[in-house]
Amino acid sequence: MTKPDIDASKLTITLTQTPKELLDQSELKFGKYFTDHMLCIKYTEENGWEAPEIKPYGPLAIDPAAFALNYSVQAFEGTKAYRAADGTINLFRPEKNLQRLASSSQRIMLPEFDQEQFLECIKELVKVDQRFVPNDYGYSMYVRPNFIGTEPNLNLVYSREALLYVYLSPVGPYFPRTVKLFANSIEARAWPGGVGSFKLGGNYAPSMRPAMDVVSKGYDQILWLLGDDHYVTEVGTMNFFIFWVNADGEKELVTAPLDGIILPGVTRDSLLALARQWGEFKVSERKITMPEVVTALEEGRVLEAFGAGTACIVCSVSEVFYEGQNLAIPVDPTDPDAVYGPLTKRLRAELLDIQYAKTPSPWSVPLV
């Protein structure tokens with residue numbers, strides 16, 4: 001007999017009796033403030049998916065022996081909701097995030113789920129808490145789906161019970177300035193044959209100590225290098241791009257390929273698509289090394305570099321510490337106070353115009 005899948009038509013909503021006060025948008029910090037409600041959907045192998053429930057935001061009841069707590073059987077995602085000038089609210093390419101969540105969760109043997117029905121439930125949650133979606137350009141509502149194994153079992157098998165849950169957080173700009181990176185070739189975020197291409201909680205916890213170490217030295221995040229050739233992979237919370245004149249004399253935007261090490265970022269994919277639509281320069285997904293970057297800097301061929309991700313959208317890189325040297329990365333030679341390089345600024349503007357529905361696009365998904 002076929003077990004029930006997620007069914008948005010069975011969604012129940014219980015509203016909070018103690019609604020929170022809205023913060024002034026100037027006070028919004030990333031991931032610090034949460035809305036009134038959350039979405040929860042339980043699963044058991046015996047009975048399949050239960051009816052979805054939107055209920056007041058609060059602690060989860062979970063067994064101390066649950067797989068998620070003992071063996072990091074946990075995957076998560078991050079997308080955003082944006083309020084357009086006319087007041088309508090849109091999600092940005094949410095189907096891509098749910099596809100990635102499905103891929104990540106299958107890697108740790110969590111159950112499959114109906115992505116379209118789950119998305120309908122997420123839309124309803126955003127509708128319930130739509131008063132928290134900020135109005136101003138550059139502000140948004142962060143949407144965090146989580147998928148955890150909840151069966152109490154210490155055997156190294158798979159979790160036969162699971163929970164999908166989603167909560168919301170209104171946020172402001174993640175990096176309202178350029179960022180400084182510390183190139184780390186000693187420790188590895190991901191490696192061939194590993195799980196770097198999956199968004200799993202277990203990928204992030206080991207990076208926290210080295211990340212905090214570089215913050216204490218005055219840098220923002222780590223630029224992860226891999227192998228003896230110092231392959232440039234990605235930044236702590238972002239995919240990494242460099243815009244340069246390559247060794248063949250071509251203007252080229254390049255980022256690391258999806259080789260199993262790199263997280264397939266939705267913003268990454270979007271920026272590559274936009275740049276390819278322009279057709280103005282070469283766009284590549286290929287391996288580059290840090291010594292190649294150093295040579296290009298010495299020869300004046302680096303035009304700019306930036307990170308890209310759901311949290312920051314796009315942010316320019318102004319400095320990279322590598323092997324005892326602080327390497328200055330050009331931002332905008334015409335403006336020493338620039339926060340964005342010319343290409344970074346253009347990509348960011350075009351992407352934000354889509355996200356805020358200024359530019360019509362199938363990437364912008366309305367709630368209704």
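All values derive from a computational prediction rather than experimental measurement.

Chemist: I'd love a proper account of the layout of surface pockets, names of residues and values included.
Modeler: What the largest pocket holds in volume is close to 1,000 Å³. Residue lining of the largest pocket: 40 residues in total, with Arg144, Tyr174, Tyr204, Gly236 and Thr237 positioned closest to the centre. Residue contributions to the lining of the largest pocket peak at 4 residues, all from helix H5 (residues 208-216). A class-by-class count of the residues in the lining of the largest pocket yields 19 nonpolar, 15 polar and 6 charged.

Chemist: Give me the nonpolar core: which residues, what numbers.
Modeler: Inside soluble globular proteins, nonpolar side chains tend to come together where they are buried. The biggest cluster of nonpolar side chains holds 40 residues, and the ones touching the most others in it are Leu39, Phe113, Phe118 and Leu164. Mapped by element, the contributors of at least two residues to this core are strand S2 (37-44), strand S7 (89-92), helix H2 (94-107), helix H3 (115-128), strand S8 (140-149) and strand S9 (161-171). Sort the elements by how many residues they give to this core and H3 lands first, with 6 residues. Contact partners of Phe118, with chain neighbours within four places excluded, come to Ile6, Leu39, Ile41, Leu98, Leu101, Phe113, Pro145, Leu164 and Val166. One finds Leu225, Met238, Val294 and Ile329 within the second-largest nonpolar core, a separate group that totals 27 residues.

Chemist: Provide a residue-level description of the pattern of salt bridges, including the pertinent values.
Modeler: Side-chain pairs of opposite charge can arise whenever the charged atoms involved come near each other. Scanning all chains against the criterion turns up 17 salt bridges. The partner of Arg160 in a salt bridge is Glu151, and the shortest N-O contact between them spans 2.6 Å. Via salt bridges that share partners, Glu187, Arg209 and Asp213 belong to a single interconnected network.

Chemist: Before we move on, can you summarise unusual backbone geometry with the specific residues and values?
Modeler: The phi torsion at His230 lies on the positive side, around 60°, for a residue other than glycine. Structurally, His230 is set in the loop between strand S11 (221-226) and strand S12 (231-235). Looking at His230, the relative accessible area reads 12%, which means it is buried. If you check the backbone angles, Ile313 has positive phi at about 65° while not being a glycine. Structurally, the position occupied by Ile313 is in strand S17 (residues 313-322). Classification of Ile313 as buried rests on a relative accessible area of 8%.

Chemist: Give me H2: which residues, what numbers.
Modeler: Across its 14 residues, H2 extends 20 Å between first and last C-alpha, which sits within 8% of the 20 Å expected from 1.5 Å per residue. Taken as a whole, H2 has its buried residues at Pro94, Asn97, Leu98, Arg100, Leu101, Ala102, Ser104 and Ser105. The first or second residue beyond H2 is Met109, which carries a positive phi of 60°.

Chemist: How would you sum up the packing of aromatic side chains? Please name residues and give values.
Modeler: All told, the structure shown has 22 aromatic pairs when counted by the stated rule. Relative to Phe147, the ring of Trp49 lies with its centre 5.9 Å away and its plane at 40°, an arrangement referred to as tilted. Linking Trp49 in strand S3 (residues 48-49) with Phe147 in strand S8, this pair joins segments that are 98 residues apart in sequence. The residues Trp49 and Phe147 share a single accessibility class, namely buried. Consider the rings of Phe241 and Phe306, whose centres lie 4.9 Å apart with planes at 10°: the pair is stacked. Of the two residues, Phe241 is situated in strand S13 (residues 239-245) and Phe306 in strand S16 (residues 302-309); the sequence distance between them amounts to 65 residues. Residue classification places Phe241 among the buried positions, given a relative accessible area of 0%.

Chemist: Tell me about the packing of H2 against H3, and please be specific about residues and values.
Modeler: For any two helices packed against each other, the geometry comes down to the angle between their axes and how far apart the axes lie. In contact at an axis separation of 10 Å, H2 and H3 are set at 125° when each is read in the N-to-C sense. The orientation of H2 relative to H3 falls into the category oblique. In this structure, H2 crosses over H3, and the sense of that crossing is right-handed. In contact with Pro94, Glu95, Leu98, Gln99, Leu101 and Ala102 of H2, H3 contributes Gln115, Phe118, Leu119 and Ile122.

Chemist: Lay out the packing of helix H6 (residues 266-278) against helix H8 (residues 342-355) with the relevant residues and their values.
Modeler: Packing of H6 against H8 leaves a shortest axis separation of 11 Å and a crossing angle of 105°. Considering the angle they form, H6 stands roughly perpendicular to H8. Within the contact between the two elements, H6 uses Thr267, Ser270, Leu271, Leu274 and Trp278 and H8 uses Leu343, Arg346, Leu347, Glu350, Leu351 and Ile354. Of the residues contributing to the contact of H6 with H8, the split by class is 7 nonpolar, 2 polar and 2 charged.

What counts and what doesn't
Residues numbered from 1 in each chain as written. Predicted model: local features only at pLDDT ≥ 70, side-chain atom pairs only at ≥ 80, totals over all residues. Heavy atoms only, no water. 1 Å grid on protein atoms, 1.4 Å probe; cavity = no way out; pocket = protein on both sides within 12 Å on 5 of 7 lines; lining within 4 Å. Points joined across faces, edges and corners; volume = space filled by probe spheres on them. Helix = DSSP H or I, 4+ residues; strand = E, 2+ residues; numbered from the N terminus. Nonpolar A, V, L, I, M, F, W, Y, C, P; charged D, E, K, R; others polar. Core = buried A, V, L, I, M, F, W, Y, C linked by side-chain atoms within 4.5 Å. Buried < 20%, exposed > 50% of the residue type's maximum accessible area, 1.4 Å probe, protein only. Contact = heavy atoms within 4.5 Å. Salt bridge = Lys/Arg side-chain N within 4 Å of Asp/Glu carboxyl O. Expected span 1.5 Å × (residues − 1). Phe/Tyr/Trp six-rings, centres within 6.5 Å; stacked < 30°, edge-to-face > 60°. Axes fitted to C-alpha atoms, helices over the stretch in contact; angles between N-to-C directions. Parallel < 35°, antiparallel > 145°, perpendicular 65-115°, else oblique. Left-handed = near helix turned anticlockwise from the far one by under 90°.

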